[in-house]
Amino acid sequence: MIISFDSRTFLNSRVRKIYKNKLSKSSLKNKFTLLSKSASGPKKFISDLILTLEEKNLCKTTFNFLKSDIHLLNAGFYSPIWEYFQPKKKNRVIIRLDGVGLDSENIDFNKIKNRFHDLLNKGSYVIFQSEFSKNCFSNIYHSIPKCKIIYNGAMNCELLSTNNKLIENIKKHFKDGFFTVSGRFCNRKRIYEITKEFDKYELGNLVVLSDVPDSMRFNNKRIIYLGMVNPEIARSIISVSKALIHFDRYDWCPNIVIGALFDKVPVICSNYGGTPEIVGKNGLIIDEFPKDLPHDLEGINFVKRSSFPCELFRESITNSNLYSKIDKDKSTYDIYNSALKYVKTAYDLFK
């Protein structure tokens, strides 16, 4: 079985493969850091998926879709040729939906609807990242091909918590432990609101891994701003924290959450989107939204307009005792399990 992927993502996986080689780490570390900062979450996951497929000998991989048995077309990034042509038979193409077509701050649904339906028609099978994602796309676009839900997974990585000066300095500075919040600085992720609560109230210490503008940073000894750092460094910092706060208004299947849970770090999240179904009992789910809020544009627009639940957020964090509790075995979040499901899906389609 040969599975092909987007050429840019395939190249990214080659760089990651070289970086993982211990003999090359020192010489490529800075280059990889710069490359990683610009890589999207979906692209990073697909790159890790390619490496896992190869390392575990689950199948062969390539960027050449003309020579592959199955092509995985990720909706968020693909060659322009797929927009204008059907370069591979429809029954040999799997489409992975990562939120494109819905995931935007100022989305004009009418403008993208036809384009999205054209993309769906390029393949005969769809992979969703979560039940929430499947529900949203099915309720909004209706005519979805046969589909399956496959959660993202995390790779084993060499965590830097024991020999990294930055992490050791954070642990010395915050001797009583600390929370982490990570992600792009945008309205949906509500990072400013979270830091504001930590600034105004004694909720503990906080490390912020986000590109927060200087004008929106608080001068508080209990808050450290590190900016957008290399994903491996970010994961290492999160791995030694009390909990990861991922209070996104809604999300599909965030890699940062998968990585934290794989490393047995509890996650604090809202109760809408794909994140709470992934977290389950492995953290704290704050019930800020109605439990019957629909998984569609109406629901998404509702949470976009909602105010930050300041008092509920503070009370939940202050009263919770879940920070050291992880119920599931980390294999639940292992990318190897994801890779097995991707390969099985490809074989079933190829029959």
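Residues numbered from 1 in each chain as written. Predicted model: local features only at pLDDT ≥ 70, side-chain atom pairs only at ≥ 80, totals over all residues. Heavy atoms only, no water.

> What is the right way to look at the nonpolar core in this model?
The nonpolar side chains of a soluble globular protein tend to be buried, and buried together. Within the largest apolar cluster, 26 residues are counted, with the highest numbers of intra-cluster contacts made by Leu97, Phe137 and Tyr272. Among the elements of the structure, strand S4 (93-96), helix H5 (109-120), strand S5 (125-128), helix H6 (131-141) and helix H12 (297-305) are those that each provide at least two residues to this core. Looking at this core, the element that brings in the most residues is H6, giving five residues. (Core = buried A, V, L, I, M, F, W, Y, C linked by side-chain atoms within 4.5 Å. Buried < 20%, exposed > 50% of the residue type's maximum accessible area, 1.4 Å probe, protein only. Helix = DSSP H or I, 4+ residues; strand = E, 2+ residues; numbered from the N terminus.)

> Which parts of the structure should I look at to understand the packing of aromatic side chains?
Two aromatic rings, taken as a pair, are described by how far apart their centres are and by the angle between their planes. In total, this model carries 19 aromatic pairs according to the counting rule given. One aromatic cluster is present, built from ring pairs that chain together Phe116, Phe128, Phe132, Phe137, Tyr141, Tyr250, Trp252, Tyr272, Phe289 and Phe302. Between the NZ or CZ atom of Arg14 and the centre of the ring of Phe10, over which it lies, the distance is 4.6 Å. Between the NZ or CZ atom of Lys56 and the centre of the ring of Tyr336, over which it lies, the distance is 5.5 Å. (Phe/Tyr/Trp six-rings, centres within 6.5 Å; stacked < 30°, edge-to-face > 60°. Lys NZ or Arg CZ within 6 Å of the ring centre and 35° of its normal.)

> Teacher, can you tell me more about the packing of helix H8 (residues 191-200) against helix H13 (residues 310-319) here?
Helices that pack against each other are described as a pair by the angle of their axes relative to one another and the distance between those axes. H13 packs onto H8 with a crossing angle of 65° between their chain directions and a minimal axis gap of 11 Å. In the packing of H8 onto H13, the handedness of the crossing is right-handed. Contacts between H8 and H13 pair Ile194, Glu197 and Phe198 from the former with Cys310, Phe313, Arg314 and Ile317 from the latter. (Axes fitted to C-alpha atoms, helices over the stretch in contact; angles between N-to-C directions. Left-handed = near helix turned anticlockwise from the far one by under 90°. Contact = heavy atoms within 4.5 Å.)

> Looking at this structure, how should I read empty space enclosed by the protein?
Here the idea is plain: a probe the size of a water molecule rolls over the atoms and shows the empty space left. Across all of its chains, the model carries three cavities of 30 Å³ or more by this definition. Its volume calculated, the largest cavity comes out at about 60 Å³. Every residue along the wall of the largest cavity is listed here: Ile3, Phe5, Leu49, Leu53, Ile70, Leu72, Ile94, Ile127, Tyr342 and Ala346. Counting residues per element, the ones that place at least two in the lining of the largest cavity are helix H3 (41-55), strand S3 (70-74) and helix H14 (335-350). Class assignment for the residues of the lining of the largest cavity results in ten nonpolar, no polar and no charged. Volume-wise, the second largest cavity comes out at about 40 Å³. (1 Å grid on protein atoms, 1.4 Å probe; cavity = no way out; pocket = protein on both sides within 12 Å on 5 of 7 lines; lining within 4 Å. Points joined across faces, edges and corners; volume = space filled by probe spheres on them. Nonpolar A, V, L, I, M, F, W, Y, C, P; charged D, E, K, R; others polar.)

> Please clarify how the sheet that holds strand S8 (residues 206-209) should be interpreted in this entry.
Two modes of strand pairing occur in sheets, parallel and antiparallel, and in both the strands are linked by backbone hydrogen bonds. Reading across from one edge, S9-S8-S7-S10-S11-S12 is the order of the six strands in this open sheet, with parallel pairing throughout. The open sheet has two free edges, formed respectively by strand S9 (223-225) and strand S12 (283-286), since each of these has just one partner strand. Neighbour-to-neighbour, the strand axes of the sheet open up by a mean angle of 20°, direction not taken into account. Both strand S10 (residues 243-246) and strand S11 (residues 267-270) contribute to a ladder of three bridges, which runs parallel. Bridging across to S11, His246 finds its partner in Cys269. (Pairing = 2+ DSSP bridges.)

> Before we go on, may I ask you to explain the side chain of Ser13 in this structure?
Inspection of the secondary structure puts Ser13 in helix H1 (residues 7-20). The buried category is assigned to Ser13, whose relative accessible area is 0%. Setting aside chain neighbours within four positions, we find Ser13 in contact with Ser47, Ile50 and Leu51.

> Is there a simple way to explain H14 in this structure?
Taking 1.5 Å per residue, 16 residues should reach 22 Å; H14 reaches 22 Å between its end C-alpha atoms and fits that length. Residues Ile335, Ser338, Ala339, Tyr342, Val343, Thr345, Ala346 and Leu349 constitute the buried set of H14. Buried residues of H14, viewed axially, fall in a sector of 155°; they line one side. Buried residues along H14 sit against strand S1 (2-4), H3, S3, S4, S5 and strand S6 (146-149). Two or three places before Tyr336, at the start of H14, stands the capping residue Asp334, its side-chain oxygen 2.9 Å from that residue's backbone nitrogen. (Expected span 1.5 Å × (residues − 1). Arc of directions from axis to C-beta. Polar contact = N/O pair within 3.5 Å; in protein donor to acceptor, adjacent residues only side chain to side chain.)

> Would you mind showing me how to read the environment of Tyr272 here?
On the secondary structure map, Tyr272 appears in the loop between S11 and helix H11 (275-279). The exposure class of Tyr272 is buried, given its relative accessible area of 4%. Along the chain, Tyr272 and Leu293 lie 21 residues apart, while their C-alpha atoms are 8.1 Å from each other. Those residues in contact with Tyr272 that lie beyond four places of it in its chain are Phe132, Arg249, Tyr250, Phe289, Leu293, Pro294, His295, Asp296, Gly299, Ile300 and Val303. Separated by 2.7 Å, the side chain of Tyr272 and the backbone oxygen of Pro294 make a polar contact. At a separation of 3.5 Å, a polar atom in the side chain of Tyr272 contacts the main-chain amide nitrogen of Ile300.

> Explanation requested: the sheet that holds S1 in the structure shown.
Strand order across the open sheet formed by six strands is S2-S1-S3-S4-S5-S6, with parallel pairing between neighbours. The open sheet has two edge strands, strand S2 (60-62) and S6, and neither has a second partner. Direction aside, neighbouring strands of the sheet carry axes that sit 25° apart on average. The pairing of S1 with S2 spans three bridges and is parallel. In the strand pairing of S2, Ile3 is matched with Thr61. In the packing of H3 onto the sheet, contacts are made with S2, S3 and S4, and the angle to S3 comes to roughly 155°.

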